[in-house]
Amino acid sequence: MATSIQSIREIVSTQASAVAVLERFDIDLCSHANESLTQACAGLQLSVEQVLEKLTDAAANEHGAAPTDLTGYSLSRLIQHIVRTHHQYVRCELPRLAQMAQKVAGKHGNRAPELNKVEELTGLLGGELSAHLQKEEQILFPFITEMEQDVAACYAPQRTCFRSVAQPVSMMIVEHGLAEGRVAEIRDLTAGFEPPAWACAGYMALYAGLREFAADLRQHVRLENDVLFPRAIDLEAKLNRRTAQ
């Protein structure tokens, strides 16, 4: 949890959500990097208590771990959790990280050329995942939800663009691997998301955000690949057996 005596640099390096809070208060991450939060607030005539309150709220609402027990979730509820927790996070966080990467690369790309590649990869990841989420939410997830609604019936839902749910599932798994590959490349370029000793606060905030994004993506992918998709395939097989009887 952030404290008033911590420097802006220390705060953003340990709390990814702090960046957005500080920017809302017009606290520049670079020019105030080595000041304590108290000093930065005093210079801008801000209430340090108010800023700390917002930082604490943001930390409490930071993207956390998934529920420990998902076994009791219906497929529909599991999909809702994935969309609200992970898909929404991707949509909010990747544009912010892409913007930060562009800013940091523009400022430090000559000294740290890897930042230019990080900027490129972050932008590519944003476009690819945007299309991926749309396919899941508009095609695959509604089909899975419909299957679950028809579990008591003697037929499986009609398919319009695939013969089995395993087909879009296999495509989504491939795309998950591509996204994880992009993140792995960013991780290698950034030495495990560890900024150099000379990094400014914005630089450190970018790496903290990328580290958090990588952790969420890992959780997101495992939840779909290892929980949702196998259950959907099993459910379809059950419905198909009923239809054949």
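Residues numbered from 1 in each chain as written. Predicted model: local features only at pLDDT ≥ 70, side-chain atom pairs only at ≥ 80, totals over all residues. Heavy atoms only, no water.

**What to know about the side chain of Ser36**
Along the chain, Ser36 turns up in the loop between α2 (18-24) and α3 (37-43). Excluding residues within four positions of it along the chain, Ser36 makes contact with Ser4, Ile5, Gln6 and Ser7. (Helix = DSSP H or I, 4+ residues; strand = E, 2+ residues; numbered from the N terminus. Contact = heavy atoms within 4.5 Å.)

**Notes on the confidence of the model for the protein chain**
Here the protein chain averages 88 in pLDDT, and 91% of its residues register 70 or above. Across the protein chain, the element-wise mean pLDDT spans from 85 in helix α1 (residues 8-14) up to 96 in helix α7 (residues 166-189). (pLDDT = per-residue confidence, 0-100.)

**Remarks on the environment of Gly43**
The residue Gly43 is located in helix α3 in this model. Note: C-alpha distance between Gly43 and Glu53 (ten residues apart in sequence) is 19 Å.

**Observations concerning the environment of Thr190**
Here Thr190 lies in the loop between α7 and α8 (201-244). Look at Thr190 and you get buried, because its relative accessible area is 2%. Between the C-alpha atoms of Thr190 and Glu114, which are 76 residues apart in sequence, the distance is 7.5 Å. Other than its neighbours up to four places away in sequence, Thr190 contacts Val118 and Tyr207. (Buried < 20%, exposed > 50% of the residue type's maximum accessible area, 1.4 Å probe, protein only.)

**So, the domain arrangement of the protein chain**
Along its sequence, the protein chain is organised into domain 1 (8-61) and domain 2 (75-244). Put simply, the middle of domain 1 and the middle of domain 2, counted by C-alpha atoms, are 30 Å apart. Contact with domain 1, which involves eight residues of that partner, is made by 13 residues of domain 2. Summed over both sides, the interface between domain 1 and domain 2 buries roughly 890 Å², with carbon and sulfur atoms accounting for 66% of that surface. At the surface where domain 1 touches domain 2, the tally comes to zero salt bridges. Our count for the domain 1 to domain 2 interface comes out at one residue pair in polar contact (both at pLDDT 80 or more). A total of three residues in the side of domain 1 that touches domain 2 trace back to one element, the largest contributor, which is α1. Residues that form the side of domain 1 that touches domain 2 fall into these classes: six nonpolar, one polar and one charged. (Domains from an automatic or database assignment. Buried area = accessible area lost by both parts, 1.4 Å probe. Salt bridge = Lys/Arg side-chain N within 4 Å of Asp/Glu carboxyl O. Polar contact = N/O pair within 3.5 Å; in protein donor to acceptor, adjacent residues only side chain to side chain. Nonpolar A, V, L, I, M, F, W, Y, C, P; charged D, E, K, R; others polar.)

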